[in-house]
Structure formats: C-alpha cells, structure tokens
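A closer look at the structure
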Amino acid sequence: MKILVVGGGGREHAIVKKLKENQTITELYCLPGNGGIAADAVCVPIAATDLDGIVSFAREHQIDYAVVAPDDPLALGAVDRLEAVGVPCFGPRKDAAVIEASKVFAKDLMKRYGIPTARYESFDSLDAALAYLQTAPMPIVVKADGLALGKGVIIAQTLREAEEAVRAMMTEKRFGKSGERLVIEEFLEGPEVSVLSFTDGKTIVPMVSSMDHKRVGEGNVGPNTGGMGTVAPNPYYTPELAKRCMDEIFLPTIRAMAQEGRSFKGCLYFGLVLTKDGPKVIEYNCRFGDPETQVVLPLLQSDLLTVMQAVTEERLAECPVRFSTDSAACVIMASKGYPGAYEKGLPITIPAELQAQVYVAGAKENNGSLVTAGGRVLGVTALGKDLPEALERAYKAVKQVHFENAYYRRDIGALALAAKEG
Ligand code: AMP
Ligand code: GLY
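Note that the structure is predicted; figures quoted are calculated from it, not measured. (Residues numbered from 1 in each chain as written. Chains lettered and ligands numbered in written order. Predicted model: local features only at pLDDT ≥ 70, side-chain atom pairs only at ≥ 80, totals over all residues. Heavy atoms only, no water.)

Quick look at the sheet that holds strand 10 (residues 192-199) now. Read from one edge to the other, the open sheet built from 4 strands follows the order 11-10-16-17, with strand pairing classed as antiparallel. In the strand order of this sheet, the two ends are held by strand 11 (204-206) and strand 17 (278-285), each with one partner. For this sheet, the mean angle separating the axes of adjacent strands, direction not counted, is 35°. (Pairing = 2+ DSSP bridges. Helix = DSSP H or I, 4+ residues; strand = E, 2+ residues; numbered from the N terminus. Axes fitted to C-alpha atoms, helices over the stretch in contact; angles between N-to-C directions.)

Glancing now at the site of ligand 2. Taken together, the residues surrounding ligand 2 are Asp212, Lys214, Gly226, Tyr269, Asn285, Arg287, Gly289, Asp290, Pro291 and Glu292. Note that a nitrogen atom of ligand 2 is positioned 2.8 Å from one of the side-chain N or O atoms of Asp212. Expressed as a share of its isolated accessible area of 200 Å², the protein-covered part of ligand 2 is 90%. Classifying every residue of the shell around ligand 2 gives 2 nonpolar, 3 polar and 5 charged. (Near = heavy atom within 4 Å. Polar contact = N/O pair within 3.5 Å; in protein donor to acceptor, adjacent residues only side chain to side chain. Areas by Shrake-Rupley, 256 points an atom, 1.4 Å probe, with all protein chains shown as cover. Nonpolar A, V, L, I, M, F, W, Y, C, P; charged D, E, K, R; others polar.)

For the rest of this paragraph, the subject is the pattern of salt bridges. In total, this model carries 26 salt bridges according to the counting rule given. For Arg315, the salt bridge is made with Glu313, and the minimal N-O distance between the two is 2.7 Å. Assessed through its relative accessible area of 47%, Glu313 is described here as partly exposed. As a salt-bridge pair, Arg393 and Glu389 come within 3.5 Å of each other at their nearest N and O atoms. Here the residue Arg393 and the residue Glu389 both occupy positions in helix 12 (residues 387-400), the gap between them amounting to 4 residues, near one helical turn. Arg393 gets classed as partly exposed once you look at its relative accessible area, which sits at 27%. One salt-bridge network, held together by shared partners, links Lys17, Lys20 and Asp40. (Salt bridge = Lys/Arg side-chain N within 4 Å of Asp/Glu carboxyl O. Buried < 20%, exposed > 50% of the residue type's maximum accessible area, 1.4 Å probe, protein only.)

Turning our eyes to something else, we now look at the side chain of Asp290. Within the fold, Asp290 resides in the loop between strand 17 and helix 10 (293-296). Residue class for Asp290 comes out buried when judged on its relative accessible area of 16%. At 2.8 Å, the side chain of Asp290 forms a polar contact with the side chain of Gln294. Beyond its immediate sequence surroundings of up to four residues, Asp290 is in contact with Gly10, Arg11, Gly226 and Arg376. (Contact = heavy atoms within 4.5 Å.)

Below, the structure written as structure tokens:
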C-alpha cells in the first residue's frame, strides 16, 4: 500500500509512527512533513493547503489511501478533491469539516439538537455585539467564527477586555475574515477533557480520553498556545461521565450531522468542560488534536490503518478498536518566547537510547542535522503503568534532549494527579 499523510507537525509524526506498524505499507509519504518526520516517511515540500499540489502528487504516485490531518486542508475540501480522483481518505469532507471551521455553525447545531454547550449569542455587527456586552455577566468568552490557529478565543475578565476583544476581531480584523462574525458565550468552569473519536457517520468509537495544557505558563497562566503537553487517560473522565457523554453528546452530534446532510467521517474531537451541571461542549475539532494525538495513538493497540479504512468504508461497527490501560504523558519542548517571537535554527540533540518517543513538531534538517524551526519543537512522550510513572519517564527524557533556549512546563499532569488524590 502507498500511503500519504497531509500535514507536518508533531501530530502527523505520531500518525506516521503508528501507521508504520502496519506491514502492508510499502511507501509512506508526508506532505510537507518536517526534518524529524523524514526519519519515518518520505517528506515532500508541498504545503498542506496546496490542494492542487497534493492531488497531482497523489495521482503521480498512485497513492492508495490518504490521511488528511490538519484543519485547514480539511476546511478547504482536500478530502473532496482527493476522492474525486479516486483516492480514498481518512478525514471529513468540506461540508462536515465546517463543524470546526465555523463556530457559529457548531453552536447553532448544538442549540438545534439539544447538545449541552455554553449559552451564547452570535454577531456580525459590531454595535450589536458591544450592546450585548453591556448586560452580560463577566468573565465572558469572545470567539472568532473561523479558524484562527487556536488563538481566536479570548476569555475576558472585565467589560473593557471584552469590548477590546470584540473590536480587535471586528474592527481591526486581527484574525482576518475569521473574525467578521463572532460568538460571545458564557464562561464554563470545571476540568477540561479532550475526547477524540473515530466515526464513520453511523458508529462512533471514542478513543482514550486526554487532558491538554493550553496556557504557556506553569499553573495555567499566560497566553494560550497550541498546547504545551498532554496526559492520557484523563482521570476526571470517569466511566459514568463517558456513558453520559456518549448518550448526551457524541451520538447526538453524529446523528445531527447526518440529519443535516453533512455526515462526518474521520476523527471527531470533543473539547469538553465537566461543569457542576454536567459535561458541556466548548469546541468541536474535525481532526486529531495536537498534542492529544501524541498520547492517544501510542496507547492504541489496534492497527491504525485498519481502523481508518473501516471508517472510510463505513464498517466501523465491525472493527475492534482496543486501547492499552497504561498511561501516557507528552511534554512539549518549545522555543523560548513562544507563543510570541522566538529564535530558529538552533541545533537539536536527541540521544539514541531514550525511554520515550520524541515526536518532532517544528524542526528542519540542515546539513544533516536537526535544527529548530518552530514554536513547538518537540513532543516527548512516555508510557507507564500509571500516570506518575509515565510523567517521570517523560521528564527524565526531556532532560536528556537538548537545544538552546528550550522551554517546557514542569507541571504537565499536575492537575490530573490532583484529581487522583482528591
Ligand atoms: P477553543 O479554541 O475553542 O478550543 O478554546 C481555547 C480554550 O479556551 C479552551 O481549551 C478553553 O480552555 C477556553 N475556553 C473556550 N471556551 C470556553 C468557555 N466557554 N468557558 C471557559 N473556557 C473556555
Ligand atoms: N490541542 C487542541 C487542539 O488540537 O485543537
């Protein structure tokens, strides 16, 4: 089998690594991939959003199956384009990817189908949004409608901050077209859980739960990032909650999408807050999470390609999907300064013998060695029989990996461990 993975970050490295366990794969390509993924797949410098380039490549290389991992190509219709030339894909079509690409769509869907989420209003006029804020309780959450690299969400503590956020999005167009419409919603309190799931539009199989750490600073302070580390499973997500989420959120969501004529096939990601009134959705993603994938896929015991093909062919109900009962922890090593400005081109050394897996997110090859090339550089993942063991191994490995000005949070998993104790 000739397989193509679209994307080039730590998530794609984890997907590539897992796919490689399948012995029927003879050729594995990653577009564009990166300097680290190049050790596991043939990386070709075609951007993930260059749909013409991706389609021509797939035809030229007679690709048998494609996995489209990032949100942008999915929202642009990469799956529709590849399917049109006969390449079966893992990932939703454009009309289903809208569940992530438009927050207004997602919120309206949840309202119409009674799926629990934060109360909200959507706006496409500045005056109406500002007027609404005058009577809204604080804190409040302002979200740009479209994709904004995870940065289009502002949690405003005061009326002034909320007004600034609305103006930044609607008047200054800080997120371009993504901010022309926005959602203003109730602030939800409680532990967050990420649940990635496989779904073929009829059956939904949740993967092991996880917890992201979005803020840059220890103790969950500072600006939001793409994610500074993850643990799995998430101890707040009990079997009782999992059952409730299946009945109240997961099944209703895939049924709603089918009802709307937007049947969702691929990985559907549920970002949940466990409030005192029960689990509520704060976001849907139409793809694997990053860095959730770096802890979830290493725990998958079933063959990933087999499960993905069952999704594509709508046979998921017959396909066993098994996860290990071990724990996993991923610590992101970032460039100092991220999510602001940072230096690039610093040499990275990764010892050959590590009790961990290093997923490469932002690095490129330079004269035969690996150098930093992004904000999030590496994701160091370790497994263990329980969370303390996984964390200990991950942090031990982090100390053995080196690049100048590496920054990482030392408290990944701390909140999860507190749940276990409490
Ligand atoms: P999103 O881009 O929608 O994932 O939002 C980024 C982060 O902002 C989430 O992971 C939450 O930590 C936070 N967030 C988003 N919406 C809410 C909300 N309604 N209440 C509390 N926190 C939120
Ligand atoms: N880690 C959150 C996301 O992938 O959106």
